[in-house]
Every structure is written in structure tokens, then in C-alpha cells.
Amino acid sequence: MLAYTLRRLLAIVPTLLVVIAFVYLLLFSAPGGPFDSEKAVSAAVLANLQAKYRLDLPVWQQYLHYLGNLLHGDLGASFRYADWSVNDLVADALPISLTIGGTAIALSLFIGVIVGSLAALRQNSWMDVSVMLLGNLGSVFPSFVIAPVLVLIFSLWLRWLPSGGWNDFELRFMLLPIALLTFINVATIGRVMRGSLVEVLHSPFIRTARAKGLSLRLIVLRHALKPALLPVVSVLGPLAISSITAALVTETVFSLPGIGRLVVNGAANRDYTLILGLVVLITLVVVTLNLIVDLLYAVLDPRIRY
Amino acid sequence: MVDLKSPAMLEVQHLGVHFQTPDGRLDAVRELSFSLSKGQTFGIVGESGSGKSQSMLAILGLLAAGGHATGSAHFEGRDLLHLAPYELNRIRGNRIAMIFQDPMTSLNPYLTIERQMTEVLEVQKNATPRAARARAQTMLEAVQIADPVRCLKGYPHQFSGGMRQRIMIAMALLCEPDLLIADEPTTALDVTVQAQIVGLLRRLQHDFGTGILMITHDLGLVAGLCDEVMVMYGGRIMEQGSAQALFDGPSHPYTLALLNAAPRLHGEQDALIAIPGAPPNLAQMPPGCPFAPRCALADVHCNLAPALAGEIHRRACHRPIGEVSIQVIRRIQAVQPLNRVQPQRAEPSACASASDRLAALDNPLLRVRDLQVGFPVRGGDWPWSPGVTLRAVRGVSFDLQAGETLGVVGESGCGKSTLARAILNLVPFQAESLRWFDRELAPKSTVAPNTGITAGITAGLTSDETANSQRWLEVRRQVQMVFQDPLASLDPRMNILQILSEPLRTHEPDLTAADRLDRVCALIERVGLDRHQLDRYPHEFSGGQCQRIGIARALILRPRVIICDEPVSALDVSIQAQIINLLRDLQQEFGLALVFIAHDLTVIRHVSQRVLVMYLGQVVETGERSALFDNPQHPYTRALLASVPVPDPKIERHRASTALMGELPSPLDPPSGCAFRTRCPIAQDRCAQSSPVLAPKESPQRSGQSQVACWLA
Amino acid sequence: MNIRSTPATQASAPRSPWRDARDRFARNRAATVSGLLLILITFVCVVGPWLLPHAFDSTDWNAMALAPGLTNSHWWGTDESGRDLLVRCLMGGRISLMVGILATLSSVALGTIWGATAGFLGGFADQWMMRVVDVLYAVPYLLIAILLVTVLGRDFYLVVLAITAFSWMDMARLVRGQALSLKRMDYVEAARAIGVSQARIIATHIVPNLLGLVVIYTTVTVPAVILTESVLSFLGLGIQEPMTSWGVLIQEGAQTMEVAPWLLLFPAALLSTTLYCFNFLGDGLRDALDPKDR
């Protein structure tokens, strides 16, 4: 198990390096890049940039310098805001995104697994059909369609919740975004869980378990659940990635000052260094998540770790 | 001996099983009635579609979704088919246990052995975890698992097939059930391991007094193990009686045909009596006796399903017993030739006489010296661990003469299939010398499944390389291959005409489409199919028919050699006989040399003139067929022959239990010296020190060329 | 039970796998209805704007923020500047569908070639080619799109390029997996034993058996691409004025949904219906071309 973990860890490093290099080069060398004469940069910002990035050096040395900064946890200086570094901006935004995203994923895993399992056990019943239908809905209606509709219903018509904004982790501002993200993910997880549990229940080893006289409850909980969870785990990776997309939309619609909004604003403002820093950060998070998914997989399936 | 008057433990009456499928109703079992006494061993024999498995699954309530059972199955007075689930669970695993065919998929790969075993005791007997563990350990010892403690902590994928089946048996016997149902328990195992498991079952039955219900297609197995045998076909019982009576004097045409369609280890070598046609399509069963479409003795009365008649020995056939004999069948079949190729004016028999063959010894078609095949495999857990080579073939040398059939036999992992692919360069190999038709050939870069094309690029693109490639192409024209899985070896998106034209397009590109069609038509009828089926697709044919297509494809270029890689292993016994007969006839007609690879010794004996026995990548013995089978020299050959079940209860019961012990060593780490020494009953120190070479063995009882690789032979 | 033991029936015509698939597909009502609906939507989007009286960018100061109704010429209402919603939806549909199809075609082409080559070559080449894919996979695709759009601009074709840049990887992985398993098939080995050349094996055995997979995942990729473009546009990073797409329309609608909910609901309904239909179509194709009981 240990060997497997270390192997996976080792695989991350080159990935990260390449991604960072790719993004860096893209941003700083492509036409229309930061130092086009058309885009005026304020003096204060320029001074910051000069200090951080050593713009006098050739590109590849700048890159190494950047990497060095990264290792110290320094994401760089903003291209637009002279007073704030990327770190500052991120430090404010990250907890918000993590809270909302993390809660949503946890909730959706919990609900999705339960609902999917129940649907699998009662195939073709009304519960199963409604799960499948909802599943389809959730994965088809884009987040940016559901979000405004939610706001329409809960904010403008029912007036139960605010239509957006943020006030220091106050619950009423968090409810709609978390609900939205949860709904989208539950759809996928429920569908995958149902499909995989149905398939596992047809396996030969389940037949053996039945031949041993075990009760249905025992068979599902002890024999079928683990293998059925495997596809769910493997879908967590892509789900995390699509959650980031959803986060972008959610934070925009609900005006939440999270990482997503930083990305959108940064792109709109052409704040290259901010974007670079954010991409690096998000990539790191995604890669770590993928690693955790891989490890979870190995925990569930003994054939992988031995 | 079982007391037949003792009350029946299991009483099955009019059992029927049917499935509702989108295509309609499918009757898997009809009118099954029998009874089983305590401690009795009962065998159910049948081919695919006979309903043997479905009937037992129905009794235990394990049918797949969409299956329904009718009738009754009384176990100690209670009808299992109408029990509440809770009560059925008290009986399943506790009083009646079942083991299945493939132990890899039948054990839960995600749970430890301990967990899977102790839960039975915890649920059925309310045992504490500690007591359950102790009992599990005891049971594992009883099935002869070497290290029970370590076994309990492990996962199924860490064990070999034989060990997994032992674990399944141990798990089934934990509660000391009255009845153990074994559904094809040894079909997925090697024959030596099968012998171990059968011996184990016999011993356990003796020690615990458990009744055994054995479901199988192998007549030899039931002959050895079962007191009472039932033969099923198309969902109905054909015949039932004591094993001795059934084998001595089968009184149903199907039983008779089955016994004569299977090749034997002893006895005459005539062509097998093939059963024409194919196993039944359960969705379109004919009214009346299911065997009638294929029965040589069928007449108009067979449209009404014959009732099961008789008391102790029952049969379902309206023909009187006296008429059901092999002579009658042969007589009838002589009048209507069935699926046997009629050779036209045959070329001089290519099965040359011994003297002719001796003369040809200097000009073998194929000459192999020291062939080695290795596959690179990751050595350890780390990316930088040095790779290890899996040596699948370790130094094999042999010749192939014109017109002969060379049988290559061995169990799984012996390298026989790899050998077949190597001599055709379908996998990379190394050899001191490989000569086809007297021309030396070097291994050519090849995009094998496990290697990359870049492996070959580094081999060099010199002019030598192109000449070599050219030579291989010519070889392929003369040497063709027939594969094990008939359906998988045909491209599902091509129709038969396209499949059969492919070799022509490759090697005779100048032919017009009309020419190709002519060639294909001529050949398709030779192999027993109809030219009007040429526009159909592989999945529309049965297994046996697909294999005929494969054979036709191999023949279309008029090769001199055909390599058959387990061509009948995937087919039912009745179909096997058809294909074996076909191959023999075609060989005679076209003067082919055959390399016939199989794991089934009876088949090898039936078709080969010379035999190569392989173990763990090496040849351990070669010889003329009769010499090798009557007088085997190498301990492994002897063990192999002793493990093959013979469909004759008298022989089977009185055979000393000489099953080969131990498991096949890992090919990644073969034993030093002689690879067989870890399981050899006569191994000595010398055997560990150096590997014996294949040396000619002169012996008064054996004639002809034979070689043995053993220090003690 | 060995269902395969059915001998061929003489009466019926030969059933090639393609024909079987077509029959299975035709039986799937949801899929066929979806397919027809999609064709209808596409047709209307292409032809509609020419038939309707209003241009998509013409402002009608007399009819601003008009609710939908059949009495006037603005059947689906207008937005705040008086632009007809129906026409704008159809024009937006043109753009969204065009982006979808173009980006899908290019990513399918790129992904298939990449994956097939990697799968068939195997060994070293395969490892490195797939490592590239793995690395690109690590970055959330939307970020790549945003990156590219930031750097390159928001020209229509650049948006297509940006979306292609990450959509090809799924296809590459799938095709490579399928190529790898096809290489191991007995009938490919049989072809090699016959002596068929590499090129012919690829052309006659591998490609036709890959086609099914490619077709299925093309119909799955199109909605994903349309969705991505819509998200980008919604965030203000996609299609620019004066062109419009469904994403842009939804964003505009979301801003005014309190007073004019139809501005949100109609384009959202169109987009969702299209995506839904593609889903059913994809499911139907998957069942038809890759049934588990075969």
C-alpha cells in the first residue's frame, strides 16, 4: 500500500511541473500577452512585477524564478491591483469556496449513495424511476440554468432567501449555492450508484452469498456495497472538476467572493498573474483530489494494492 | 453402499423452470422428478442447454431474475420452492450447500477469506468470531490447505484456481450440510488439479457422510464419484440409473451417443460417432422428445414426449431397449452420412507408412532448435525496479514431418499456446534455429499485444530484415492456424464470404472476385456448410459451425500445415466429435500436417501420431502415440494419464488415488534444475541441481522415436 | 445456457451487426423521438431567421420588454431594447449548434487519431502519448478554455479552438482503450497469422470496430461542447457582441428575470431540450451499438 501511495505521489510532480510551465509560457509568451504596448500597466504594478518576476531575465529564467517563489508559497503579484498580492486575494477567497464546495460534495456523496442504492434495490419502482429521471435532469440542465431558476423561486417569488451576496459565513447566504451544487452532483452520483449496484448484484459472488443463506441486508451491506462504490469513487475525480465549473457559475450568480469569481474577474480584467496563480492553485487541488481518489480506490479494491 | 429403502432426503417432483425473455418464454427444465437419499452421491450429466444447472439453482432459490420454478422440491418434508425467504436462508448454506464452477468469480474479491468463511457460522450457528475462526481453520486443514492461518488473512486473487476451489469446498462444509451440490466444480481447473479435488470430495464424503450432487458434462467424473447418474438433454431427463448399469448398458440413444462421441484413453481409434446437429435452442424446442432432431433412431412417435419409465433404472424413450445399441446406430449412420466429409478421389494417403516417414525424417517441414519466448514484466513495486522476464517457453526443440499430426499437450501455463504463436512469429521469440521448409527464419518485428512497435524498429530495417519479412509471408501461405474460441476468431463485422476471402486477397491478389467466390464456395461445402450462408455473419452461427468456418479459412490457401490451438476445447462433446472427424478427414484428403494443441489427453490420443508433452515451458517427453500412452516414461506424463477420468466405473473406482500433489510453480520463478521436481514423486537431489535434457530413450517396449527429459527415466 | 448454440435460420436475411444496431435503435422510442426533435430544432434554427419578420439585432422602441403572446409579431416577447426574442433564440441556436458541431468534429478527429495511434502502436509510444493526455487532464478544462480565451481573444473560431483543446482528451482515452482491446482480439491475431499487412489490419479490422464507439461518443461530446460554450458565454468570456448564443441569452435573461422571466425561460428551455435530446440519442446509440447481451 505504501509503495502504491509513493508511486502515485511521484507521478504528481512531473504533471504539476508541466502544467505550470505550459500555462506560464502560454500567458507570458503568447501574442496579446501582458507586455503588449497597447495594454497600459500602472507604474506601481510594474514596480511590483519587476521585483517579483525579474522581467529583465530571459523567459525560462523567469520561469525558474517563479517556481522558486511557488515553493515558498508565493503565488505572485497581481497584475491589476498594486496593493494586493495574489496570495492576499486567494487567502480571502479560498475558505469560502472550500466551505461551499466541500459541504456540497460531502452532502451529495451521502445522499447520492443512499438514494442510488435504494433505487437499485427497488428496480423499476416509482422510486427508481424518479431517481433516474431526476438524475437525467440534474445532469442535463446546466448549472447556470438551474441557478437563476432557483433564485427566481426562492428569492424573488417566495422571498425566503437572499438572491446573493455574502456575509461572513452566514447560513442564509450559503443555502442556495450549496443546494445547487448538491443537486447537480447527487444526480450523477445517484445514477452511477444505482447502475453499479444493479450490476454488482448480478455477480457470481453474490449468488454464492445467497447460497450461504445470508440475509439481503447482510449481502448488500457487506458484499455488494464495496464493489458498487468503486465506480462512484472513480467518478469523483471528474465530478470534482465539474464542481469547479459549477463553482464559477455559482459564485457569479450568487455574488460570492470566492475563487471562482476571482477567476472570472481575473479573466475579464486580463490579470495574467492572478490567473496563473489561480490555475496553479486549482490544478494542485485537483491533482490532490485525484490522488485521494486513487488511494480510496486502492483501499476498496485489494487487488490493486497487493 | 447406500440403502435404497431409506427415506428420501430430497424429493423433486415435476420440477419445471422457465424464463420470460423479450423473445418469449424459454423452458430450461421440464418435468424433472427424482429423489436423493442421505449420503448418496448423485451425478447429473448433460451438455449446454440441458438444464442441469438451472434445476439445482431453482431448488435453492438462486435463479436469475426472470426465472420461475414450478413443481415441488421436498427437503425433509418441506417444499423448498414455497418456503419463505427467511426459512430458505436457514437451509441454504446450512443443510444444503452449493459450490460453483469458477472459484475466482464465485468468491468475493473484496473480502478476506476469513470474513467470507466466518460469516456463515456467525449467521447460521450464532457462533462467536473466535469460535468461527477456529472452525474455519480446521476446515481449511481438512481440505489440505498448507497454511490455514495465512490463508484466512488473504484475498481470493492471491490464490491459485485449485486452492480457491478448496476454499469454496471448505466454506460449503462449515456447517456440515446434509447435501453438497457441486455445479461443474472442476471444469475451470487443470486435469491434475481436478483429480486432487475429486479425491478430496470423495474423502470428505466418506469422513462426513455428506451427500453429493455433482453436475458436470464429463462422464468420466461421474463414473468415478457417483453411485447414481442422471442424463439430461433439452431440459428433460433422458435416462437415470446406477452408474454401473448406465455405463455398462446405456439404454437411451442419447446416452449411448454421448458415450461414443467422447474420445477415450484406451480402446480403438476409429472415427468418433459424432452426433449430428447442434445443442437445442431452448426458445424453439420441438414438441416431444428434445433429442429427436438429432437421434438416429427417431421416428414419428417421438413427436410425443416419451414418459419416464422404469423403477430403479429409468429411461425416456419409446424405443424398446433391445433396439438401442451401437450396432444399430452405426448401421443407420452408414446409410445417411452425417456431417462427414466425403473425400473425392483422394490423393495418395498422406498418413504415410512408418518407412516413408523415416525417409522423410531428414526433410522435416519444421525444424525448431532451442526456442525461447519471454515477456517483460514489471519486477517490483517501484518504477525503477528492474524488469523480470516471464519465460513462457524455455528451450524447446522438435521437428514436424510432412503429413503427420503432432499433438502438443500440457496443462495451463505450460507454454503450448505460446509455442504455437512463436513458430508463426505472432509473438517475438529467440531460437538457435527455426526452419520452415528448409529455410532459416529469424524473428521479425511484430506488433504483438504486449509489445510495442518500437521494439521492432530497433531490430533494424536492413535488407536482411526485408528478406526475412518476405520469407515469413511465404511461410504464412503454407502454414495456417485455427483458434480456440470459434466466435472470437471471426471479425463480427465481416460476413463469411469476406472472412474466407481475406487470405486469398492477401496472398493471391490477382484473383478476381468471381474466382474468389468459386474457391470459397468449393471449400465451404467441404466443411459441411451451405454456400447460401456465405452472406451471413458469425454471430448467426453456432459454435461448431463457427469452428468449421475457421477451418475453412485455414484451408483456403491449400497450406501444407495447419496449427490447431485447442480447436475443440470450447465445444460440447457432441460437437467436438464432429470437428475432430472433420479435421481427420481433411488431413487425409489434403495431405496436411497438423500441429494439434490441447489440454485434453483423450482428444490428443485420438488425433495424433506423435505427441509432445510440455510442462512449464519445456518439453518433458515425446514419442509415438501408442508408445507414449501405453508406456509413459516421464513422471509427469504418468501423472497426467493417471488423472484423466475414464467413463467406466469399474476402472475409476479401483484406481489407486495417485493424484499429483502440489500446485504449478510460478513461471516467473521456476524451480531450479528440473521444473517438475517440486511435484515429482521420485525426485532426488540431482533433480534440483541441473535441468535434464531431452534424450532419446531406447526401450524394448517402445518403438520409434521417443525422448524423455528425466534423470531417472 | 449457451444461447449461441442456435443454428442459422434459413428464412431471414443476413443480420449484419449494423443492421442489428439499426433495428435496436429504431425500437428505442425515446432515442428516435430525440433524434427527430434535434433535426427539427436544427432546421428551425437555420431556416427560421430568414422566415421571420424581425432581424435579431433590430431594436423596436415601440415594443420593449414585451411579454410573449401570439397577438403581435413578437411571439416570444422582446427584451429591454425591443429585440425579438424568438429570432434571437434561433440565431443563438445557430451559433451554439455551430460551435458544438465544429468543436466536436475537430476534437473527435484529433482524439480518435491520437488514441488509435497510441493504442495500436503500444509500448513506449503509447505511454508517452497518454501521459500527455493525463497531464492535460489534470487542469480543469474550463480553466484552460478561460486561459486561452484570455490570451487569444474571443473570436468565434478561437472559442471553437479553445473548446477543442480540451475536449479531445476523452475521445483519445476511449479510442485508445478500445484499440488496445481490439489488438488482443482473436480475429486480429488470426489476420496476422494469415499474413495480412499492418495497414490492412487497421483498415479492415480495427477501424470498423472502432466506428461504433466513435459515433456514440460524438453524440455525447456535442452536448458537452455546447454546454461549455454556454458556460463561457454566461460568464461573459465566450461569444461576443454582436453575435449571440444561448449562453449569452441566458445570462441576459438571468439579469432581468425579475421583470421579464420569459427572457430567461425560453432560451433555457431551448438549450435544455437540445441537451436532453442529445442525451437520449447517445443512450439509444450506446444500447444499439454495444448491447451487453451479445
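Note that the coordinates shown come from a computational prediction; the quantities given were computed from them, not determined experimentally.

Another point: the overall build of chain B. When you go through chain B residue by residue, the secondary structure sums to 25 helices and 23 strands. In chain B, which comprises 713 residues, the share counted as buried stands at 50%. Look at the contacts in chain B between residues 6 or more apart in sequence, and 69% of them connect residues 24 or more apart.

Another aspect to go through is the overall build of chain A. Along chain A, the regular secondary structure elements total 12 helices and 0 strands. Considering only intrachain contacts with a sequence separation of at least 6, the fraction spanning at least 24 residues in chain A is 72%.

Before going further, it helps to spend a moment on the interface of chain A and chain B. Contacts between the two partners involve 20 residues from chain A and, on the opposite side, 26 residues from chain B. Mapped onto the side of chain A that touches chain B, the elements with two or more residues apiece are α1 (2-29), α8 (204-211), α9 (216-253) and α12 (302-305) of chain A. Broken down by element, the side of chain A that touches chain B gets its largest block of residues, 6 residues, from α8(A). Grouping the constituent residues of the side of chain A that touches chain B by class yields 9 nonpolar, 4 polar and 7 charged.

Our focus in this paragraph is helix α6 (residues 156-183) of chain C. With 28 residues, α6(C) extends 40 Å from end C-alpha to end C-alpha; this agrees with the ideal 40 Å at 1.5 Å per step. At C:Ala165, α6(C) is deflected by roughly 35°, the largest bend along its length.

To describe two helices that pack against each other, one gives the angle between their axes and the distance between the axes. Relative to each other, helix α3 (residues 85-121) of chain C and α6(C) sit at 35°, their axes nearing to 5 Å. Considering how the two elements wind past one another, α3(C) and α6(C) form a crossing that is right-handed.

Facing 35 residues of chain C, the contacting portion of chain B comprises 45 residues. The set of elements that each furnish at least two residues to the side of chain C that touches chain B consists of α4 (123-138), α7 (186-194) and α8 (198-234) of chain C. Broken down by element, the residue count for the side of chain C that touches chain B peaks at 8 residues, all from α7(C). A class-by-class count of the residues in the side of chain C that touches chain B yields 16 nonpolar, 10 polar and 9 charged.

What follows is about the sheet that holds strand β14 (residues 405-409) of chain B. Residues and elements named next belong to chain B. With respect to topology, 8 strands assemble into an open sheet ordered β17-β18-β19-β14-β20-β21-β23-β22, the strand pairing being mixed. Among the strands making up the open sheet, the edge pair consists of β17 (479-482) and β22 (695-696). Packing against the sheet, helix α14 (residues 416-423) makes contact with β14, β18 (561-565), β19 (593-598) and β20 (610-615), and its axis sits at approximately 150° to β19.

Before going further, it helps to examine the pairing of strand β4 (residues 67-75) of chain B. In regular strands, side chains alternate between the two faces of the sheet. Residue and element names in this part refer to chain B. Sheet topology note: the strand β1 (residues 8-21)/β4 ladder contains 8 bridges and is antiparallel. Across the sheet, Glu11 pairs through a bridge with His74, a residue of β4. Here β4 runs beside strand β5 (residues 78-79); their pairing, made up of 2 bridges, is antiparallel. Each bridged residue has a counterpart across the sheet, and for Phe75 the counterpart in β5 is Arg78. Once β4 ends, the chain turns through 2 residues before running back antiparallel as β5, passing Glu76 with a positive phi of about 50°.

Let us now look at the nonpolar core. Across soluble globular proteins, you tend to see nonpolar side chains buried next to one another. In this structure, B:Leu213, B:Val222, B:Ala261, B:Val595, C:Ala145 and C:Ile250 are the most contacted members of the largest nonpolar core, which totals 372 residues. Sequence-distant contacts of B:Val222, that is, excluding residues within four places in its chain, are made with B:Gly43, B:Val45, B:Met214, B:Thr216, B:Val229 and B:Ala243.

Put simply, chain A has an average pLDDT of 80, and 86% of its residues get 70 or more. Averaged over each element, pLDDT in chain A is lowest for helix α2 (residues 43-53) of chain A (66) and highest for α8(A) (94).

Let us look at the sheet that holds strand β13 (residues 388-400) of chain B. Residue and element names in this part refer to chain B. Read from one edge of the open sheet, 4 strands run β13-β12-β15-β16, paired in antiparallel fashion. Edge positions in the sheet fall to β13 and β16 (439-440), since each of these pairs with one other strand and no more. Here 2 bridges tie strand β15 (residues 430-436) to β16, and the two strands are oriented antiparallel to one another. Across the sheet, the residue bridging to Arg435 is Glu440, located in β16.

Let us look at the confidence of the model for chain B. Residues and elements named next belong to chain B. In this model, chain B carries a mean pLDDT of 85, and residues with pLDDT of at least 70 account for 89%. Across residues 447-461, where pLDDT falls below 50, the model places 32 contacts with residues more than four positions away in sequence or in other chains. Complex prediction metrics read pTM 0.83 and ipTM 0.82.

Right, let's get into the environment of B:Leu523. Residues and elements named next belong to chain B. Structurally, Leu523 is set in helix α18 (residues 513-526). Spatially, the C-alpha atom of Leu523 lies 6.5 Å from that of Ala552, the residues being 29 residues apart in sequence. Once residues lying within four places of it in the same chain are set aside, the contact partners of Leu523 are Ala552, Leu555 and Ile556.

To continue, consider the environment of B:Leu424. Along the chain, B:Leu424 turns up in the loop between α14 and β15. Not counting the four nearest positions on each side in its chain, B:Leu424 is found in contact with B:Val479, B:Met481, B:Ile563 and C:Ala193.

Moving on: the pairing of strand β6 (residues 96-99) of chain B. All names here are of chain B. Neither face of β6 is open: one carries Ile96 and Met98, the other Ala97 and Ile99, and all of them are buried. Across 4 bridges, β6 lies against strand β7 (residues 179-183) in parallel orientation. By the bridge assignment, Ala97 is partnered in β7 with Leu180.

All names here are of chain B. Looking at the element boundaries, Val368 is found in strand β12 (residues 366-377). For Val368, a count of 21 C-beta atoms within 10 Å translates into the label buried. Put simply, Val368 and Leu434 are 66 residues apart on the chain and 4.7 Å apart in space, counted from C-alpha to C-alpha. The residues contacting Val368, other than those within four sequence positions of it, are Val396, Ser397, Phe398, Ile423, Ala431 and Leu434.

Across residues other than glycine, the phi torsion is negative in most instances, and most of the peptide bonds are trans. With a phi angle near 50°, B:Glu176 is a residue other than glycine that sits in the positive phi range. As for its position among the elements, B:Glu176 is in the loop between α7 (161-173) and β7.

Extensive coverage of α8(A) is indicated by the burial of 7 of its 8 residues. Looking at the buried residues of α8(A), the elements they touch are α7 (171-201) and α9 of chain A together with β6 and α3 (103-106) of chain B. Backbone geometry just downstream of α8(A) places A:Gly213 in the positive-phi region, at approximately 85°.

Criteria and cut-off values
- Residues numbered from 1 in each chain as written.
- Chains lettered and ligands numbered in written order.
- Predicted model: local features only at pLDDT ≥ 70, side-chain atom pairs only at ≥ 80, totals over all residues.
- Helix = DSSP H or I, 4+ residues; strand = E, 2+ residues; numbered from the N terminus.
- Buried ≥ 20, exposed ≤ 12 C-beta atoms within 10 Å, placed from the backbone.
- Contact = placed C-beta atoms within 7 Å.
- Nonpolar A, V, L, I, M, F, W, Y, C, P; charged D, E, K, R; others polar.
- Expected span 1.5 Å × (residues − 1).
- Bend = angle between axes of the 7 residues up to and from the residue.
- Axes fitted to C-alpha atoms, helices over the stretch in contact; angles between N-to-C directions.
- Left-handed = near helix turned anticlockwise from the far one by under 90°.
- Pairing = 2+ DSSP bridges.
- Core = buried A, V, L, I, M, F, W, Y, C linked by C-beta atoms within 7 Å.
- pLDDT = per-residue confidence, 0-100.

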